[in-house]
Amino acid sequence: QVRLVESGGGLVQAGGSLGLSCAASRRTGSINAMGWFRQAPGKEREFVAAINWSGGATYYADSVKGRFTISRDNAKNTVYLQMNSLKPEDTAVYYCAAGRYYSSTHSPNTYNYWGQGTQVTVSS
């Protein structure tokens, strides 16, 4: 079992920046994909970004490409999401997820473990 704990959410004005962290309780060889998803009220959970835990390859949703950056610190078992040029439509609860395979990383079904979520609110 892997426990994920997100932190770093909050309120920011449009155009501002915010950084999220996701700390994994342990690193196992069976975890190869780490992802960020978000869910706004009344909407489905959507993919934001993913990273291959070992190789560092990354993948982004078109809506955040060029504004968000996903990274990881293997020594700390932590994944980060740096969000710049934030827009009101980025407002959502952001979830961290961990999966065994770095494949179809845009799909929630790829991931086996989920964090509790952290709220990000962007005011206009």
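Before reading further, recall that the structure is shown in the block above.
Residues numbered from 1 in each chain as written. Predicted model: local features only at pLDDT ≥ 70, side-chain atom pairs only at ≥ 80, totals over all residues. Heavy atoms only, no water.

Student: Explain the packing of aromatic side chains to me, please; I cannot follow it from the model alone.
Tutor: The relative placement of two aromatic rings is captured by the distance of their centres and the angle of their planes. Here the structure, examined in full by the defined rule, presents five aromatic pairs. Where Tyr111 meets Trp114, the ring centres are 6.0 Å apart and the plane angle is 65°; that geometry is what we call edge-to-face. Relative accessible area serves as the criterion here: at 6%, Tyr111 is assigned to the buried category. Looking at Trp114, the relative accessible area reads 29%, which means it is partly exposed. An aromatic cluster of three or more residues is present, and its members are Phe37, Phe47, Tyr59, Tyr111 and Trp114. Over the ring of Tyr95 we find Arg45, and its NZ or CZ is 3.9 Å from the ring centre. Between the NZ or CZ atom of Arg45 and the centre of the ring of Trp114, over which it lies, the distance is 4.8 Å. (Phe/Tyr/Trp six-rings, centres within 6.5 Å; stacked < 30°, edge-to-face > 60°. Buried < 20%, exposed > 50% of the residue type's maximum accessible area, 1.4 Å probe, protein only. Lys NZ or Arg CZ within 6 Å of the ring centre and 35° of its normal.)

Student: How do you make sense of the pattern of salt bridges when you look at a structure like this?
Tutor: Opposite charge on two side chains makes pairing possible when the charged atoms of those side chains draw close. One pass over the structure, following the stated rule, counts four salt bridges. In this structure, Glu46 engages Arg38 in a salt bridge whose closest nitrogen and oxygen atoms are separated by 2.6 Å. Notably, a salt bridge pairs Asp90 with Arg67, separated by 2.8 Å at the nearest N-O pair. Placement of the pair is Asp90 in the loop between strand 8 (78–83) and strand 9 (92–99) and Arg67 in the loop between strand 6 (58–60) and strand 7 (68–73), with a sequence separation of 23 residues. According to the relative accessible area criterion, Asp90 is buried, its value standing at 1%. Through salt bridges with shared partners, a single ionic network connects Arg38, Glu46, Arg67 and Asp90. (Salt bridge = Lys/Arg side-chain N within 4 Å of Asp/Glu carboxyl O. Helix = DSSP H or I, 4+ residues; strand = E, 2+ residues; numbered from the N terminus.)

Student: For this particular structure, what's the right way to read the pairing of strand 7?
Tutor: Looking along a regular strand, one sees side chains alternate from face to face of the sheet. Bridge count between strand 7 and strand 8: six bridges; the pairing is antiparallel. Paired with Arg72 across the bridge in strand 8 is Val79. As consecutive antiparallel partners, strand 7 and strand 8 are separated by four residues, and within that stretch Asn77 has a phi angle of approximately 50°, a positive value. (Pairing = 2+ DSSP bridges.)

Student: Can you walk me through the side chain of Thr110 in this structure?
Tutor: Residue position: Thr110 is located in the loop between strand 9 and strand 10 (113–114). Residue class for Thr110 comes out buried when judged on its relative accessible area of 14%. A distance of 2.6 Å separates a polar atom in the side chain of Thr110 from the backbone oxygen of Ser104. The residues contacting Thr110, other than those within four sequence positions of it, are Gly99, Arg100, Tyr101, Ser103, Ser104 and Thr105. (Polar contact = N/O pair within 3.5 Å; in protein donor to acceptor, adjacent residues only side chain to side chain. Contact = heavy atoms within 4.5 Å.)

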